[in-house]
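Spelled out, the chains give:
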Amino acid sequence: MKINEIPVILHSMDSYSRFWNPWYQLFNLHCKNHGPIIFLSEEKEPDFIDDVTHIKTGAGEWGERLLRALKQIDSELVFYMQEDFWCVNDYELTDQLLEMFEKYGMDQLHIKENTHLILTKKIEDNLYRFEQNSEYTQNHEFGLWRKDKLIENVLPNENPWENEVDGSKRLNQKPHNIYLLDFHWYVSVCRRGQLMERGEKIIEKYGISF
């Protein structure tokens with residue numbers, strides 16, 4: 001398998017549809033060599049539906065909707081992210097990521113900025129491993145997952161915040177292989193459904209209609 005054959009899952013809900021076009025525009029601009037995009041929403045279709053595979057998850061809690069979609073995706077590996085992270089710097093996905101993923105027997109590999117919110121141990125260069133009892137071992141920032149590992153740690157009744165907190169507690173009860181490539185290429189732009197100031201600056205910088 002090549003890195004650009006692995007699907008990129010964007011998981012959203014219809015009430016966040018105003019964030020979809022900026023996410024899509026910035027992701028395609030800055031993320032190089034990515035695979036097919038699988039776009040998850042409840043019922044509403046994105047404007048760019050002709051360029052993605054759209055899965056309607058139907059109504060329900062976040063966990064229920066995600067599990068419903070994952071069972072329809074025929075790939076052992078998936079990239080997963082949500083619409084409230086917008087790309088601001090270029091990043092190219094390469095097959096070296098896959099080689100690294102298999103070399104260390106990873107369950108998750110997040111490509112994100114390393115922060116004080118998590119505990120990590122340096123492995124090599126900009127590659128870090130999450131400590132066993134770190135916060136946010138379960139997180140929804142851009143990452144490469146073994147799909148079965150994602151499925152087994154999502155409960156149908158969980159919202160995304162519960163999944164990160166409670167899911168991390170579940171993961172930390174047994175040995176895990178969760179890694180991080182320290183690279184700053186996207187930022188969070190939304191809090192409780194509202195565009196943050198940094199998101200407004202990105203809209204202005206790129207001349208995006210919002």
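Fair warning: this is a prediction, and the values are worked out from it, not measured in the lab.

Let us now look at the pairing of strand 11 (residues 143–146). Here strand 5 (residues 77–82) runs beside strand 11; their pairing, made up of four bridges, is antiparallel. Within the sheet, the bridge partner assigned to Phe 79 lies in strand 11 and is Leu 144. In terms of strand pairing, strand 8 (residues 108–112) meets strand 11 through three bridges, oriented antiparallel. For His 110, the partnering residue across the bridge sits in strand 11 and is Gly 143.

Let's shift gears to unusual backbone geometry. Notably, Asn 33 is not glycine yet its phi reads approximately 65°, a positive angle. Within the fold, Asn 33 resides in the loop between strand 2 (31–32) and strand 3 (37–41). Judged by relative accessible area, Asn 33 falls into the partly exposed class, the value being 31%. Even without being a glycine, Tyr 136 presents a positive backbone phi close to 60°.

Throughout the structure, instances matching the rule amount to nine salt bridges. Put simply, Asp 95 and Lys 2 hold a salt bridge, and the shortest N to O gap is 3.7 Å. Note that Asp 95 is positioned in helix 3 (residues 95–103) and Lys 2 in the segment before strand 1 (8–11), a separation of 93 residues in sequence. Between Lys 103 and Glu 124 there is a salt bridge whose closest N-O contact spans 3.8 Å. With Lys 103 in helix 3 and Glu 124 in strand 9 (residues 120–124), this pair connects stretches of sequence that are 21 residues apart. By relative accessible area, Glu 124 is classed as partly exposed at 29%.

This paragraph deals with the sheet that holds strand 12 (residues 178–182). Strand order in this open sheet of nine strands is 4-3-1-5-11-8-12-10-9, and the pairing throughout is mixed. Edge positions in the sheet fall to strand 4 (53–56) and strand 9, since each has one partner strand and no second. Strand-to-strand twist across the sheet, computed as the mean angle between neighbouring axes with direction ignored, equals 25°. Each of strand 1, strand 3, strand 4 and strand 5 touches helix 2 (residues 62–70); the most contacted strand, strand 1, lies at about 150° to it. Against the sheet, helix 3 contacts strand 5, strand 8, strand 9, strand 10 (127–130), strand 11 and strand 12, and its axis sits at roughly 45° relative to strand 11.

Thresholds, definitions, all that
Residues numbered from 1 in each chain as written. Predicted model: local features only at pLDDT ≥ 70, side-chain atom pairs only at ≥ 80, totals over all residues. Heavy atoms only, no water. Pairing = 2+ DSSP bridges. Helix = DSSP H or I, 4+ residues; strand = E, 2+ residues; numbered from the N terminus. Buried < 20%, exposed > 50% of the residue type's maximum accessible area, 1.4 Å probe, protein only. Salt bridge = Lys/Arg side-chain N within 4 Å of Asp/Glu carboxyl O. Axes fitted to C-alpha atoms, helices over the stretch in contact; angles between N-to-C directions. Contact = heavy atoms within 4.5 Å.

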